[in-house]
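# Close look at the chain arrangement
The lines below spell out each chain.
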Amino acid sequence: MSIRLENIQYVYSQGTAYEKQALRDINLQINDGEFLGIIGHTGSGKSTLIQHLNGLTKATSGNIYFNDESIYQSGYNLKNLRNKVGLVFQYPEHQLFEETVLKDVCFGPKNQGLTEEECEKRAKEALELVGIAEELYIRSPFELSGGQKRRVAIAGVLAMEPDFLVLDEPTAGLDPRGRDEILDQIFYLHQRKELAVILVSHSMEDIAKYAGRIIVMNRGKVLYDDEPGKVFSHYKELEKVGLGAPQITYVMNELKGKGLPVQTDARTVEDAAKEIIKGLKRKS
Amino acid sequence: MIRDITIGQYYPARSILHRLDPRVKLVSTFLYLISLFIFQSISGYIIVTIFLGVVVSLSKVPLSYIMRGLKPILILLLVTICFNLFLTRTGSVLFSIGFVKITEGGLRSAVYMGIRLIYLIIGSSLMTFTTTPNELTDGIEKLFKPLQKIKVPVHEVAMIMAIALRFIPILLDETDKIMKAQIARGADLESGNLFQKAKAMIPILVPLFISAFRRATDLAMAMESRGYHGGEGRTKMKPLAYKKRDYYAYLIMLFYVVVIFVIGRYYPLRIWIF
């Protein structure tokens, strides 16, 4: 399974004074089971880009293929596509509406035409995956804390059992602990259920830790599309577009500059520690 | 999808109309609307058309953009025209099939009413196209200031209007976002009968109301923490002040009203039945 974008252009409010080109000539392929990070400054077009992946926004020109079938051909089953490509919007807790947590999570599966029991089974599974305790199932979603609400909302998309999970800034507005919990859970899902994850963020640290591949967006264009180590080696260029690399990249580059023989592509503090020890051994 | 509504929206451009004092535009629009109804002959329509044409071209708002604002009132327009056309029974009969009769008077009032409605919408939307909501409420507040003497809460009403106007694009955006989010969860907003469609709106309306209340409390809190306590003693960063061009605009408006009154009334032009 794959999603392929070909020469995607998107123009907002075409023909008015507010006209703005949000995406310019985007070409990329997203494969089954990968963990893709999309990063870019505010207004770089990343949120617009992901709304194209399940056909919510139609490109001004260009084409998108899901499993080598164009999603823009007439009669294409977009509803089915949306079941396969689950999209979690920014601040997803703002779309909760049902009386109980369980009912809200059931909304997606119910729209897929599943039976009541099947919906509930899926909802319970999804809620368990995101770590919502069972006693909360019958509570109103509006009584939960911010972090819990967000997890319920993510469960609402997970319960549809998509093959691709797209998340737009899932950690925005959460405290560091809530952020780590959510990201760890997403990574766990990715590994356990072989779910392809597309994670949009403007924090390099978040993405560096989890993504197997990073796409850097700038002014509606793809600036880099590579594995994290290689993308971070362009840290000077990244700074120019207002992003920068994870702090650890700077530390490693600094050390290398001072004469310590280390690789600079470490992604986490743990990796970096190992690399520094290796470097020290090499030196002595 | 929702962004397409243009009526009542500001259109940013640099034109003399955009620079005019909002009070001038409010008063002029009011006079213009009255002027539309004080004549009964072609000569009046010619003057209004010329005046409107000049103002539109001065505003630098594209004509196609203005025309798009007419779309929402198309049905109202058609109903009005039909009513006038078929139900007015004065003058000789021009055309008849069975009980449907079109009379001279009917045709005349249908055409007159249609043009008047269209000009009315164009004229008033031109004001909102060239004036930001903030300027507009500033203008209204200042114009109605004298009413404060008789205990009308002018400032409060203006503030409520300003906030309401400010929230329209925000809530439209929010609706768009929530709709997309629910569609992504498989919500079906289009098919089904009226009852099913209404039911399908619940997943959109509930979050929308919650977000409106959340924004309202946030805003109230923010205003209070910045010391807002109503209009008394409040000063403006950019107080409205008339400039030379504003006085000229008033003069032109006065001239226009006099011309249309005199010519429309006393020098009627008659072509066929009009």
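Residues numbered from 1 in each chain as written. Chains lettered and ligands numbered in written order. Predicted model: local features only at pLDDT ≥ 70, side-chain atom pairs only at ≥ 80, totals over all residues.

## Focus on unusual backbone geometry
The phi torsion of most residues other than glycine is negative, and most of the peptide bonds are trans. All names here are of chain A. Spelled out, the test is: By definition, any uninterrupted DSSP run of H or I lasting at least four residues is a helix, any uninterrupted run of E lasting at least two residues is a strand, and each is numbered from the N terminus. Comment: burial labels come from other C-beta atoms within 10 Å of the residue's own C-beta, placed from the backbone, where a count of 20 or more is buried, 12 or fewer is exposed, and between is partly exposed.
Positive phi is not limited to glycine here, since N7 has a value of about 45°. As for its placement among the helices and strands, N7 is situated in strand β1 (residues 2-12). In this structure, E169 takes a positive phi of about 45° despite not being glycine. Looking at where E169 falls in the secondary structure, it is placed in the loop between β7 (164-168) and α6 (176-192). With 20 C-beta atoms counted inside 10 Å, the residue E169 sits in the buried group.

## Quick look at the sheet that holds strand β3 (residues 35-40) of chain A
Residue and element names in this part refer to chain A. Selection rule: The criterion for strand pairing is that DSSP finds at least two bridges linking the strands in question. The convention used is that axes are lines fitted to C-alpha atoms, helices contributing only their stretch in contact, and that angles between N-to-C directions extend from 0 to 180 degrees.
With mixed pairing, the six strands of this open sheet are ordered in space as β6-β7-β8-β3-β9-β10. Edge positions in the open sheet fall to β6 (85-88) and β10 (221-226), since each of these has one partner strand only. Averaged over neighbouring strand pairs, the angle between their axes works out to 15° when direction is ignored. In this structure, strand β9 (residues 213-218) lies alongside β10, joined through five bridges in antiparallel fashion. Looking across to β10, one finds that I215 is bridged to D225.

## A word on helix α10 (residues 247-257) of chain A
Residues and elements named next belong to chain A. Here is the rule: The directions from the helix axis to the C-beta atoms are what the arc is built from. Residues are defined as contacting one another if the C-beta atoms placed from their backbone atoms lie within 7 Å.
For α10, the set of buried residues is I248, T249 and M252. Down the axis of α10, the smallest arc covering the buried residues is 105°, so these residues share one side. Opposite the buried face of α10, at more than 90 degrees from it, the exposed residues are E254 and G257. On its buried face, α10 is in contact with α8 (228-232), α9 (235-240) and α11 (269-283). G259 lies just past α10 and shows a positive phi near 105°.

## Considering the pairing of strand β1 (residues 93-97) of chain B
Residues in a regular strand point their side chains to alternate faces of the sheet. Residues and elements named next belong to chain B. Across the five residues of β1, zero count as buried, placing the element largely on the outside. One ladder, built from four bridges, connects β1 with strand β2 (residues 100-103); its direction is antiparallel. Within the sheet, the bridge partner assigned to I97 lies in β2 and is V100.

## Here we look at helix α7 (residues 133-143) of chain B
Buried residues of α7(B): B:E135, B:L136, B:T137, B:D138, B:G139 and B:E141, and no others. Buried positions along α7(B) lie against α2 (22-35) and α8 (154-184) of chain B.

## Observations regarding the nonpolar core
As a reminder, the rule being used: By our criterion, buried Ala, Val, Leu, Ile, Met, Phe, Trp, Tyr and Cys residues that link up through C-beta atoms within 7 Å make up a nonpolar core.
Core analysis: the largest hydrophobic core is formed by 78 residues, its most contacted members being A:V105, A:A155, A:V166 and A:I198. In terms of residues, this core owes the most to one element, helix α5 (residues 146-158) of chain A, which gives six residues. Not counting chain neighbours up to four residues away, the residues in contact with A:I198 comprise A:I30, A:L36, A:I38, A:I50, A:F164 and A:V166. Listed in part, the six residues of the second largest apolar core include B:Y32, B:L36, B:Y45 and B:V48.

## Some points on the interface of chain B and chain A
Which entries qualify depends on this criterion: Side-chain classes follow a simple rule in which Ala, Val, Leu, Ile, Met, Phe, Trp, Tyr, Cys and Pro form the nonpolar group, Asp, Glu, Lys and Arg form the charged group, and the remainder, Gly included, forms the polar group.
Each partner contributes to the interface: chain B provides 21 residues, whereas chain A provides 23 residues. Listed by contribution, the elements that provide at least two residues to the side of chain B that touches chain A are α8 and α10 (202-225) of chain B. Residues belonging to the side of chain B that touches chain A are distributed by class as follows: 13 nonpolar, three polar and five charged.

## Some remarks on the packing of helix α3 (residues 42-59) of chain B against helix α6 (residues 104-130) of chain B
Residues and elements named next belong to chain B. Definition in use: Relative orientations are named as follows: roughly parallel for angles under 35 degrees, roughly antiparallel for angles over 145 degrees, roughly perpendicular for angles from 65 to 115 degrees, and oblique for any other angle. Crossings are sorted by hand: turned counterclockwise from the far helix by less than a right angle, the near helix makes the crossing left-handed, and turned clockwise it makes it right-handed.
Packing of α3 against α6 brings their axes to within 11 Å, and their N-to-C directions diverge by 25°. With respect to their mutual orientation, α3 and α6 come out roughly parallel. The hand of the α3/α6 crossing is left-handed. Here Y45, V48, L52, V55, V56 and S59 of α3 come into contact with α6, specifically with I115, Y119, I122, G123, L126, F129 and T130. The residue makeup of the contact of α3 with α6, split by class, is ten nonpolar, three polar and no charged.

## Looking at the sheet that holds β1(A)
Residue and element names in this part refer to chain A. Strand order in this open sheet of four strands is β2-β1-β4-β5, and the pairing throughout is antiparallel. Pairing within the sheet leaves two strands with one partner each, and these edge strands are β2 (20-31) and β5 (69-70). Of the pairings in the sheet, the one linking β1 to strand β4 (residues 61-66) comprises five bridges and is antiparallel in character. Bridge pairing in β4 places I3 opposite F66. Where helix α1 (residues 46-53) meets the sheet, its contacts fall on β1, β2 and β4, and the angle it forms with β2 comes to roughly 55°.

## Structural notes on the pairing of β9(A)
All names here are of chain A. Counted residue by residue, β9 has five buried out of six residues, so it is predominantly covered. Where β3 and β9 come together, five bridges link them in parallel fashion. Among the inter-strand pairings, G37 is bridged to a residue of β9, identified as I214. Counting the residues in the hairpin turn of β9 and β10 gives two residues, including R219, whose phi is positive at 50°.

## Re the UniProt feature "transmembrane region" (unreviewed entry) in chain B
Residues and elements named next belong to chain B. Spelled out, the test is: UniProt positions are given in the numbering used here, feature names are shortened, and annotations may be inferred rather than shown by experiment.
UniProt records the feature "transmembrane region" (unreviewed entry) at residues 29-53, 73-99, 111-132, 152-172 and 247-267, using the numbering of this structure. Within residues 29-53, the helical portion is 76% and the strand portion 0%, while the C-alpha atoms at the span's ends are 15 Å from each other. For residues 111-132, the end-to-end C-alpha separation is 33 Å, with 91% helix and 0% strand making up the annotated structure.

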